[in-house]
There are 2 protein chains.
Amino acid sequence: MRLTLHADYALRMLVYLAVRPDAAVTTAEIGEAYGISKHHLVRVAHTLKRAGYIVIAPGRNGGLALAKSPADIRIGQVVKKVEPDLDLVECFAGKGSACPITSVCALGGALGEALAAFLSTLDRYTLADVIADSGPTLAGLLVPADALRPARRKRA
Amino acid sequence: MRLTLHADYALRMLVYLAVRPDAAVTTAEIGEAYGISKHHLVRVAHTLKRAGYIVIAPGRNGGLALAKSPADIRIGQVVKKVEPDLDLVECFAGKGSACPITSVCALGGALGEALAAFLSTLDRYTLADVIADSGPTLAGLLVPADALRPARRKRA
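This structure is a prediction, so every number in the text was calculated from the model and none was measured.

Thresholds, definitions, all that
Residues numbered from 1 in each chain as written. Chains lettered and ligands numbered in written order. Predicted model: local features only at pLDDT ≥ 70, side-chain atom pairs only at ≥ 80, totals over all residues. Heavy atoms only, no water. Helix = DSSP H or I, 4+ residues; strand = E, 2+ residues; numbered from the N terminus. Buried < 20%, exposed > 50% of the residue type's maximum accessible area, 1.4 Å probe, protein only. Contact = heavy atoms within 4.5 Å. Areas by Shrake-Rupley, 256 points an atom, 1.4 Å probe, with all protein chains shown as cover. Lys, Arg positive; Asp, Glu negative; His and termini not counted. Charge placed at Lys NZ, Arg CZ, Asp CG, Glu CD. Buried area = accessible area lost by both parts, 1.4 Å probe. Salt bridge = Lys/Arg side-chain N within 4 Å of Asp/Glu carboxyl O. Polar contact = N/O pair within 3.5 Å; in protein donor to acceptor, adjacent residues only side chain to side chain. Nonpolar A, V, L, I, M, F, W, Y, C, P; charged D, E, K, R; others polar. Least-squares fit on C-alpha atoms with pLDDT ≥ 70 in both. Pairing = 2+ DSSP bridges. Arc of directions from axis to C-beta. Axes fitted to C-alpha atoms, helices over the stretch in contact; angles between N-to-C directions. Parallel < 35°, antiparallel > 145°, perpendicular 65-115°, else oblique.

K.L.:
Got a sec to walk through the overall build of chain A? Specific residues and values, please.
P.N.:
Of regular secondary structure, chain A possesses 7 helices and 2 strands. Its C-alpha atoms put chain A at 60 × 30 × 25 Å along the principal axes. Taken across its 156 residues, chain A has 49% of its residues classed as buried. Within chain A, counting contacts between residues at least 6 apart in sequence, those at least 24 apart form 68% of the total. On chain A, roughly 7100 Å² of surface is accessible, and the fraction owed to carbon and sulfur atoms is 53%. For chain A, the separation between the mean place of its 19 positive charges and that of its 14 negative charges on side chains is 9 Å.

Pasting the structure below:
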C-alpha cells in the first residue's frame with residue numbers, strides 16, 4: 001500500500017513552497033532539489049493549482065507559490081484531493097467491481113472506515129506543522145544558496 | 001493508494017474459508033469463485049500459512065482450512081502480515097530513501113500515525129464480524145452447489 005508518486009510529489013512540492021515563501025519557484029528548481037522528474041512536477045503543479053493550493057504565475061519572472069497560508073493547508077485534505085486512486089481494493093470502484101460478493105461483504109465497509117481514519121489523522125496536521133520545527137533546516141537542505149538571492153526569478 | 005493484490009486476495013481467501021468451515025478447499029475452487037488467478041492464490045496461501053492463519057493439508061483429499069477461529073483473526077493484523085509493502089512513501093524505506101529531507105521532514109511521522117490509525121481501525125473487526133450478517137448469502141454467492149457435498153475433496 002503506497003501513495004502514488006503524484007501524491008508524494010505534491011506533498012513535497014508544498015513543503016518546498018512553504019520553506020520558500022518569498023519567491024516564485026520553478027518546477028525545474030523543485031525537481032533538482034528532490035532529484036525527481038521536472039515533467040512529472042509540471043503535472044503535479046496543475047493538480048495543486050486546480051485544487052486551489054498554489055498559484056502559477058506565467059512569464060520570465062513567473063513561477064509557483066502557495067495560494068494560501070501553510071496553516072490553512074491540511075495534509076489529509078491535500079491527499080484526498082491529489083491522490084488519483086483511493087480505491088483501496090477492487091470493490092471500492094463500486095458497480096465496476098468484478099468481485100462476486102461486493103454487495104454483501106463487510107470488508108469494504110471496514111476498509112472504508114480505516115481510510116477515513118487515515119485521512120482524519122493526517123488532517124490533524126497542517127503544512128505549517130510539518131515545517132514548524134525544521135523550516136530553516138529544510139530550506140538549507142532543499143534550496144541552492146544562489147536561488148535565495150531575491151533578484152533571481154525563473155519561469156515555471 | 002491501494003492494497004496490493006496479494007493482500008486483497010489474502011482477505012478474500014480468508015472470507016472464503018470462513019464461509020466454508022466444514023471442508024478442505026482448493027485454490028482452484030477459490031480462484032473460480034472470485035474469477036482470479038489460481039497461481040497467485042497458491043502464493044497467497046503460503047503467505048497465510050506462514051502467518052499462521054491457515055493450514056494446508058497435502059494429498060488428494062487435502063486442501064486449505066482456517067488454522068484458527070474467525071473470531072480470533074483480526075483484519076488489521078492480517079493486512080500488516082500479508083501486505084508486502086506498507087511503505088506509504090519513499091522515505092518510509094529509511095536509509096534507502098533518496099529524498100534529501102528525510103531526516104528532518106515531519107511528513108513521515110504524520111503518515112506513520114495515519115497508517116497506525118488505518119490498521120487499528122481494521123483491528124476493530126475480526127473475520128467473524130466480516131461474515132456475521134451474511135455468512136449463508138456469501139456461501140451461496142461463492143461456493144458452487146456441488147462443492148457443498150461433503151464427499152467432494154480436491155487437492156490444494
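Now, onward.
K.L.:
Can you lay out the interface of chain A and chain B for me, pointing to particular residues and giving the numbers?
P.N.:
In many reports, interface size means the accessible area that the parts give up when they come together. With 42 residues of chain A at the interface, the matching set in chain B holds 42 residues. Here chain A and chain B share an interface that buries about 4100 Å² over both sides, 69% of which is from carbon and sulfur atoms. For the chain A face of the interface with chain B, the top three residues by lost area are Met 1, Arg 2 and Leu 107 of chain A, together amounting to 21%. Between the two partners, chain A and chain B, sit 4 salt bridges. Arg 2 of chain B is the partner of Asp 85 of chain A in a salt bridge, and the nearest nitrogen-oxygen pair spans 2.8 Å. Run the count over chain A and chain B and you get 14 residue pairs in polar contact (both at pLDDT 80 or more). Of all the secondary structure elements, the ones that give two or more residues to the side of chain A that touches chain B are helix H1 (5-18), helix H2 (27-34), helix H5 (107-122) and helix H7 (135-142) of chain A. At 10 residues, H5 of chain A tops the list of elements feeding residues into the side of chain A that touches chain B. Considered class by class, the residues forming the side of chain A that touches chain B number 29 nonpolar, 4 polar and 9 charged.

K.L.:
Run through the relation of the copies chain A and chain B, naming residues and quoting values.
P.N.:
Note on the chain copies: they are related by a rotation about an axis and a translation along it. Turning chain A through 180 degrees and shifting it by 0.0 Å along the axis lays it on chain B, with an RMSD of 0.0 Å. Both copies of the chain, as the preceding transformation shows, are related through a two-fold rotation axis. Of every C-alpha in chain A, the one belonging to Phe 118 of chain A sits nearest the axis of rotation, 2.5 Å from it. Interface residue correspondence from chain A to chain B reaches 100%, placing this contact among same-surface, isologous pairings.

K.L.:
I'd like a description of the pairing of strand S2 (residues 63-66) of chain B, backed by residues and values.
P.N.:
Residue and element names in this part refer to chain B. Examined bridge by bridge, strand S1 (residues 54-57) and S2 share 4 bridges and lie antiparallel to one another. Note that in S2 the partner of Ile 56 across the bridge is Leu 64. Where S1 hands over to S2, the hairpin turn is made up of 5 residues, of which Gly 59 adopts a positive phi near 95 degrees.

K.L.:
Quick rundown of helix H4 (residues 75-82) of chain B? Include the residues and the values.
P.N.:
Among the residues of H4 of chain B, Ile 75, Gly 76, Val 78, Val 79 and Val 82 of chain B are the ones counted as buried. One face of H4 of chain B carries all of its buried residues, which in axial projection span an arc of 160 degrees. Turned more than 90 degrees away from the buried face of H4 of chain B, the exposed residues are Lys 80 and Lys 81 of chain B. Structurally, H4 of chain B contributes buried residues whose contacts are with H5 of chain A together with helix H1 (5-18), helix H3 (38-50), helix H5 (107-122) and helix H6 (127-132) of chain B.

K.L.:
Account for the pattern of salt bridges, naming residues and giving values.
P.N.:
Side chains carrying opposite charge are able to pair once their charged atoms draw close together. For the structure shown, the criterion picks out 8 salt bridges over all chains. Between Glu 113 of chain B and Arg 124 of chain A there is a salt bridge, with the nearest N and O atoms lying 2.9 Å from each other. Of the two residues, Glu 113 of chain B is situated in helix H5 and Arg 124 of chain A in the loop between H5 and helix H6 (127-132); the pairing between them involves two chains. Assessed through its relative accessible area of 32%, Glu 113 of chain B is described here as partly exposed. Asp 8 of chain B serves as the salt-bridge partner of Arg 12 of chain B, at 3.0 Å between the closest nitrogen and oxygen. Of this pair, Arg 12 of chain B and Asp 8 of chain B both sit in helix H1, 4 residues apart, which is roughly one turn of that helix. Overall, the relative accessible area of 6% leaves Arg 12 of chain B in the buried class. With a relative accessible area of 6%, Asp 8 of chain B lands in the buried category.

K.L.:
Give a detailed account of the packing of H1 of chain A against helix H3 (residues 38-50) of chain A, specifying residues and quantitative values.
P.N.:
Residues and elements named next belong to chain A. One can describe the packing of H1 onto H3 by two numbers: an axis separation of 9 Å at closest approach and a directional angle of 75 degrees. One way to sum up the angle between H1 and H3 is to call them roughly perpendicular. Within the contact between the two elements, H1 uses Leu 5, His 6, Tyr 9, Ala 10, Met 13 and Leu 14 and H3 uses His 40, Leu 41, Arg 43, Val 44, Ala 45, Thr 47 and Leu 48. The residue inventory of the contact of H1 with H3, partitioned by class, reads 9 nonpolar, 3 polar and 1 charged.

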